[in-house]
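Read off the chains here:
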Amino acid sequence: MKVVFVVGAGPAGLYASQKIARAGYSVIILNRDIKPGGLAEYGIYPAKEKMKGGLRKQFAKILELPQVSYFGHLPVGQGYALHLDELRELDPAALVFAVGAQGTKKLGLPGEEARGVYSAKNFVYHYNRLPPFSTQDYSTGKRVAIVGMGNVAVDIARWLLEDDPEHKAEEVTIVARRGPFEAKFDEKEFAHVEQHLDRRSFQDELERVKDRIAAVGEDIAKVPETTFPILARPYTEPVKPRLRFRFLCSPKEIVPSADGRIAKLVVTENLLVARDGGTAAKATDQTDTLDFDTMIFAIGDTADPNVGLPFAKDSYVTNPDTTTGEHAAYEVFDSATGKVMTGTFVVGWARKASEGLVGVARFDAEKGATHILQYLEGAADRQTATPTEIAKRIERGGRQLVDKAGLECLGRAEAAQAQALGLPSFKFAEDAKMLAAIAEEKRANTPVPADD
Ligand SMILES: Cc1cc2nc3c(=O)[nH]c(=O)nc-3n(C[C@H](O)[C@H](O)[C@H](O)COP(=O)(O)OP(=O)(O)OC[C@H]3O[C@@H](n4cnc5c(N)ncnc54)[C@H](O)[C@@H]3O)c2cc1C
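Please read these numbers as outputs of a predicted model, since none were measured by experiment.

**Observations regarding the site of the ligand**
Then comes step 1: Not every one of the 35 residues close to the ligand is listed here, only the nearest: N31, D33, K48, V76 and W349.
Then comes step 2: A distance of 2.7 Å is found between an oxygen atom of the ligand and a side-chain nitrogen or oxygen belonging to K48.
Then comes step 3: Note that an oxygen atom of the ligand is positioned 3.2 Å from one of the backbone N or O atoms of L357.
Then comes step 4: Expressed as a share of its isolated accessible area of 1000 Å², the protein-covered part of the ligand is 95%.
Then comes step 5: Listed by contribution, the elements that provide at least two residues to the shell around the ligand are α1 (11-22), α2 (39-42), α6 (151-163) and α9 (358-378).
Then comes step 6: When the residues that make up the shell around the ligand are grouped by side-chain class, the tally is 22 nonpolar, nine polar and four charged.

Listed below in structure tokens is the structure:
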């Protein structure tokens, strides 16, 4: 039977695996994290338990399929545990990369390396307890800037304003390069934080940018009926900590204090100009200096160049020859040789970084899987390594893998911890603890041989 390797067990990898397995092929999933789910497990806001629980159930069903094998705790790529050439030596019929968008867009600012400056993805991984981010320093201070105006920025504001157990933030400011009409978050997400909005300062901010946004025909009087409906409701005092907005400015420089932590953010004031039927920010030479002790940039991510697939700018390279139809958009293309990497595909956020919700990643992965199935029909049979051979080979190198049985053990161990601590749920925040819990659970469930 033809065997497909799917690298990554986020929504894209799992839904693609389901489609490929249901068509009668074997699938071996290789996942960086011990647990499956990707950002559905470690990105979606912790309080969205119902959504996360529903997705976990669907993912568990996919993993139950007998044609699907799983190895967690196995990062694949040039700088990682299993290199691409080693992966190819295992001789899969097709290789599907569903590794998400693990690269970080650098702002390229002076001072960017200061302490207290984080990428949104890493910060979100931290509060969602993904190792190793879970135990790294993502300390926040009293005055936090979040750069970006999408749902991820709002999730982070929600964490800092509502749920951060340390309750350190006194003021959270969303810094946006464009204006109030270009807010990209959903109304229902903003509803979680709107009680913190400092409406007086917001009104001042609208006045401050009024003339600049009028240049593209935008009128601040319409803000309440469009992006900030809270402004149409009767005034109530904002709940502390306060949420503020700073429109039409882009980070220019981070100024650290003597202890190396961000102390100030220099921003460039922008104009708003019409471009391609929408609007764009245009930098002026005017700057302002704002006091912040933490800055989190939520401006989207890129594909991870360290995986080792052909990479250009922010993403893996796919076949530019679209005359073959949309199939090309899923095939990896080696620009160095000018040839398609036959049988190698990308799906989900690995194909289009930071694009859309789980439903979009699923749609993309299932569409990609249709093309993969077409390819498999004509592909030659191979002597692909079996799951047992793969496990032996990797574990010989000293790396402990987690298979489907291991995941079940982990589930039981975490449920037992939750019960012991009187919590609704519990997540180990370190790989070593997860591996130890799995080993312990396996030991406890291994029958002791009877004495002769
Ligand atoms: C902060 C945040 C909040 C979100 N909230 C919502 C929400 O509320 N609702 C919603 O519908 N969507 C939400 N999304 C979007 C949703 O999470 C994504 O659409 C979806 O997870 C993308 O799926 P993916 O499988 O392409 O990538 P990912 O979910 O990122 O999965 C990638 C997988 O690949 C693995 N991997 C990475 N690198 C390697 C490697 N080198 N080798 C092996 N494995 C690797 C990872 O371990 C992971 O399992 C949110 C996203 C973010 C960032």
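**Overview of the domain arrangement of the protein**
For interface size, the figure often reported is the accessible area lost on association.
Then comes step 1: Taken domain by domain, the protein comprises domain 1 (3-102 + 302-402) and domain 2 (106-299).
Then comes step 2: Computed from C-alpha atoms alone, the centre-to-centre distance between domain 1 and domain 2 is 34 Å.
Then comes step 3: Contacts between the two partners involve 14 residues from domain 1, matched on the other side by twelve residues from domain 2.
Then comes step 4: Among the residues of domain 1 in contact with domain 2, Y42, Y45 and K48 are the three that bury the most area, contributing 53% of the side total.
Then comes step 5: Put simply, domain 1 and domain 2 have one salt bridge between them.
Then comes step 6: Where domain 1 touches domain 2, the interface holds eight residue pairs in polar contact (both at pLDDT 80 or more).
Then comes step 7: Looking at which element gives the most residues to the side of domain 1 that touches domain 2, the answer is α2, with three residues.
Then comes step 8: Within the side of domain 1 that touches domain 2, the residues separate by chemical class into seven nonpolar, two polar and five charged.

**Here's the deal with unusual backbone geometry**
Then comes step 1: Cis rather than trans, the peptide bond between P131 and P132 has omega equal to 0°.
Then comes step 2: Relative to the elements of secondary structure, P132 occurs in the loop between α5 (120-127) and β7 (143-147).
Then comes step 3: Unlike most non-glycine residues, H167 shows phi in positive territory, near 45°.
Then comes step 4: Along the chain, the position of H167 falls in the loop between α6 and β8 (171-175).
Then comes step 5: For D276, which is not a glycine, the phi torsion comes out positive at approximately 50°.

**Some remarks on α9**
Then comes step 1: Relative to the 30 Å expected for 21 residues at 1.5 Å per residue, α9 spans 31 Å between its end C-alpha atoms, a close match to the ideal helical length.
Then comes step 2: Within the span of α9, buried status applies to A361, D364, A365, G368, A369, H371, I372, L373, Y375 and L376.

**Thoughts on the environment of Q286**
Then comes step 1: By the secondary structure assignment, Q286 is in strand β12 (residues 278-291).
Then comes step 2: Exposure remark for Q286: the relative accessible area of 51% places this residue in the exposed category.
Then comes step 3: C-alpha separation for the pair Q286 and L309, spaced 23 residues apart in sequence, amounts to 41 Å.
Then comes step 4: Not counting residues within four places of it along the chain, the set of residues in contact with Q286 comprises V267, T268 and E269.

**Looking at the nonpolar core**
Then comes step 1: Judged by nonpolar contacts, the single largest core of 92 residues is most densely connected at I20, L160, F228, L243, F245, F247 and L376.
Then comes step 2: Top element by residues in this core is α6. It accounts for seven residues.
Then comes step 3: Lining this core are residues from two domains, each supplying at least three of them: domain 1 (3-102 + 302-402) and domain 2 (106-299).
Then comes step 4: Those residues in contact with L160 that lie beyond four places of it in its chain are F123, T140, V144, I146, A169, V172, P241 and I296.
Then comes step 5: Residues L82, Y316, V332 and I394 belong to the second largest nonpolar core, which totals 28 residues.

**With respect to the sheet that holds β7**
Then comes step 1: Pairing is parallel across the open sheet formed by five strands, whose spatial order is β6-β13-β7-β8-β9. Because the sheet does not close on itself, it has two edges, and the strands there are β6 (117-119) and β9 (242-246). Direction aside, the axes of adjacent strands within the sheet are offset by 20° on average.
Then comes step 2: Along the sheet face, α6 touches β7, β8, β9 and β13 (294-297) and points at about 165° away from the line of β7.

**With respect to the pattern of salt bridges**
Then comes step 1: One pass over the full model with this rule turns up 32 salt bridges.
Then comes step 2: D198 is the partner of R242 in a salt bridge, and the nearest nitrogen-oxygen pair spans 3.4 Å. Taken as a pair, R242 in strand β9 and D198 in the loop between α7 (187-190) and α8 (199-214) lie far apart in primary sequence, 44 residues in all.
Then comes step 3: For D198, a relative accessible area of 8% puts it in the buried group.
Then comes step 4: Note that R208 and E269 form a salt bridge whose closest N and O atoms lie 3.1 Å from each other. Residue R208 is found in helix α8, and its partner E269 is found in strand β11 (residues 262-275); the two are separated by 61 residues along the sequence.
Then comes step 5: In this structure R208 comes out as partly exposed when scored by relative accessible area, which is 31%.

Each value, and the rule that gives it
Along every chain, residues carry numbers that run from 1 in the direction the sequence is written. With the structure being a predicted model, the display of local features is reserved for residues of pLDDT at least 70 and the display and counting of side-chain atom pairs for 80 or more, all residues being used for whole-chain, interface and lining totals. Note that water and hydrogens are dropped before the side-chain values are worked out from all heavy atoms of the structure. The rule for a residue being near a molecule or strand is that one of its heavy atoms must lie within 4 Å of it. In protein, a polar contact requires one atom able to donate a hydrogen and another able to accept it; more generally it is a pair of N or O atoms within 3.5 Å, and residues adjacent in sequence count only if both atoms are side-chain atoms. Residue exposure ignores everything except the shown protein chains as possible cover, and the areas themselves are Shrake-Rupley values with a 1.4 Å probe. Segments assigned H or I by DSSP are reported as helices when at least four residues long, segments assigned E as strands when at least two residues long, and all are numbered from the N terminus. The residue classification treats Ala, Val, Leu, Ile, Met, Phe, Trp, Tyr, Cys and Pro as nonpolar and Asp, Glu, Lys and Arg as charged. All others, Gly included, are polar. All domain edges in this entry derive from an automatic or database-based domain assignment. In this description, contact between two residues means that some pair of their heavy atoms is separated by no more than 4.5 Å. Two parts placed together each lose some accessible area; with a 1.4 Å probe, that loss summed over both constitutes the buried area. Any carboxyl oxygen of Asp or Glu within 4 Å of a side-chain nitrogen of Lys or Arg constitutes a salt bridge here. A helix is expected to span 1.5 Å multiplied by its residue count minus one. Accessible area is worked out with a 1.4 Å probe on protein chains only. A residue is then buried under 20% of its type maximum, exposed over 50%, and partly exposed in between. Each nonpolar core is a collection of buried residues, namely Ala, Val, Leu, Ile, Met, Phe, Trp, Tyr and Cys, held together in the definition by side-chain atoms within 4.5 Å. Two strands form a pair only when DSSP identifies at least two bridges running between them. For helices, the fitted axis covers only the stretch in contact; all axes are lines through C-alpha atoms, and the angles between them, taken along N-to-C directions, range from 0 to 180 degrees.

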